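Next come the chains, spelled out residue by residue.
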Amino acid sequence: MVALALFGAGRIGRIHARNAMAQAGLTLKYVVDPVAEAAQTLAAEMGAATASVDQALADPEVAGVIVASATDTHLDYCLRIAETGKAIFCEKPIDLDLARARAAAPKLANARLLFGFNRRFDPHFQALKARLDSGAVGKLETLNITSHDPAPPPVAYIKVSGGLFRDMAIHDFDMARWLLAEEITEVFAAASCLVDPAIGEAGDVDTARTLLRTASGRLCLISNSRRSGYGYDQRIEAFGSAGMVRAGNVTETTLETWTEQGAAAAPFQNFFLDRYAGAYRAEMAHFAEVLAGATPSVGLNDGLAALALAEAAGESARTGAAVRL
């Protein structure tokens, strides 16, 4: 069994802990969290022990560390873990400051570092990517990515999240890079606070549209909202020279009711942990491969590039001008 430590016993940490324990060949040895009660509760559930950062990193039996702690701790933890040679699975984003992350990048260049852009592991989006790569719809020209939450998070979370572009849209920026298969050279974004005035008072936005352009002219339009009013809306449409391929929303069941009044279907899955449960499991399975020697499929450069797009979108939304990268 390959032993892991988990930094962060919050919501996403609990998901990663359960997926690690369900993955053949992996076991969770330590849970590390500044909130002792959270660490103890999760450790008891997993059959693990609580520990300090120093204790977990000093243990030679720990082969890898899952970083699911507060966003502003990600980079510092990654740097400390990299010094030990242990493999790293880090939640997004790498940091809230692009310049700081870039300055630290040389120290992480040789680290076995997997970034938590889980949507690359979603089977629906992987099938869309495979269809694009097969040439079934010709040469890709434009993308439409829709990411609308069912309801906004608490304002307390908004205040420490890094903002909509770094916290929410960063997943879509990574998906755009992955699907476009070209680096993005220009970003234009417009954003507003239309959902909850308290989000604006906290210094953030809750609604945004971002247009990305690559060097060859390919375009991607990303729609983000903290509230859809109809469930968790996660769609991608890819338009090629010979057709279109689309990944739609996932419903709670396949049940439909047809009457004289019309047709009614089951609601969309209403929470990201439900919609992307399979992606989180596949992501952990890939980390097991990384621990066995595989190259991470989502690495440091991907984390930096997505953060660069998030910062550019924020700058564009503030200034009203396109930002060239």
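This structure is a prediction, so every number in the text was calculated from the model and none was measured.

## A word on helix α9 (residues 169-180)
Move 1: The end-to-end C-alpha separation of α9 is 16 Å, in line with the 16 Å expected for 12 residues at 1.5 Å each.
Move 2: Within α9, 12 of the 12 residues are buried, leaving the element largely enclosed by the surrounding structure.
Move 3: Residue Ala181 follows α9 closely and has a positive phi angle near 60°.

## Details of empty space enclosed by the protein
Move 1: One pass over the full model with this rule turns up one cavity of 30 Å³ or more.
Move 2: Surrounding the largest cavity, Arg119, Phe125, Ile145, Thr146, Ser147, Asp172, Met175, Gln234, Arg235, Ile236 and Tyr276 form its lining.
Move 3: When residues of the lining of the largest cavity are traced back to their parent elements, those giving at least two are β7 (140-148), α9 and β11 (233-240).
Move 4: Of the residues contributing to the lining of the largest cavity, the split by class is five nonpolar, three polar and three charged.

## Brief notes about a nonpolar patch on the surface
Move 1: A grouping of Phe188, Leu211 and Leu221 is seen on the molecular surface, where their side chains present a nonpolar patch of about 230 Å² in accessible area.
Move 2: Note on placement: Leu221 falls in strand β10 (residues 219-225).

## Some details on the packing of aromatic side chains
Move 1: Enumeration according to the criterion identifies six aromatic pairs in this entry.
Move 2: For the ring pair Tyr230 and Phe268, a centre distance of 6.4 Å and an interplane angle of 75° mean the geometry is edge-to-face. You can see Tyr230 sitting in the loop between β10 and β11 and its partner Phe268 sitting in the loop between β14 (262-265) and α11 (272-275), a full 38 residues away along the chain.
Move 3: Relative accessible area serves as the criterion here: at 40%, Tyr230 is assigned to the partly exposed category.
Move 4: Classification of Phe268 as partly exposed rests on a relative accessible area of 25%.
Move 5: Sitting over the face of the ring of Phe125, Arg275 holds its NZ or CZ atom 5.3 Å from the ring centroid.

Conventions used here
- Residues numbered from 1 in each chain as written.
- Predicted model: local features only at pLDDT ≥ 70, side-chain atom pairs only at ≥ 80, totals over all residues.
- Heavy atoms only, no water.
- Helix = DSSP H or I, 4+ residues; strand = E, 2+ residues; numbered from the N terminus.
- Expected span 1.5 Å × (residues − 1).
- Buried < 20%, exposed > 50% of the residue type's maximum accessible area, 1.4 Å probe, protein only.
- 1 Å grid on protein atoms, 1.4 Å probe; cavity = no way out; pocket = protein on both sides within 12 Å on 5 of 7 lines; lining within 4 Å.
- Points joined across faces, edges and corners; volume = space filled by probe spheres on them.
- Nonpolar A, V, L, I, M, F, W, Y, C, P; charged D, E, K, R; others polar.
- Patch = residues over 30% accessible without salt bridge, like charges linked within 9 Å, V, L, I, M, F, W, Y side chains within 5 Å.
- Areas by Shrake-Rupley, 256 points an atom, 1.4 Å probe, with all protein chains shown as cover.
- Salt bridge = Lys/Arg side-chain N within 4 Å of Asp/Glu carboxyl O.
- Phe/Tyr/Trp six-rings, centres within 6.5 Å; stacked < 30°, edge-to-face > 60°.
- Lys NZ or Arg CZ within 6 Å of the ring centre and 35° of its normal.

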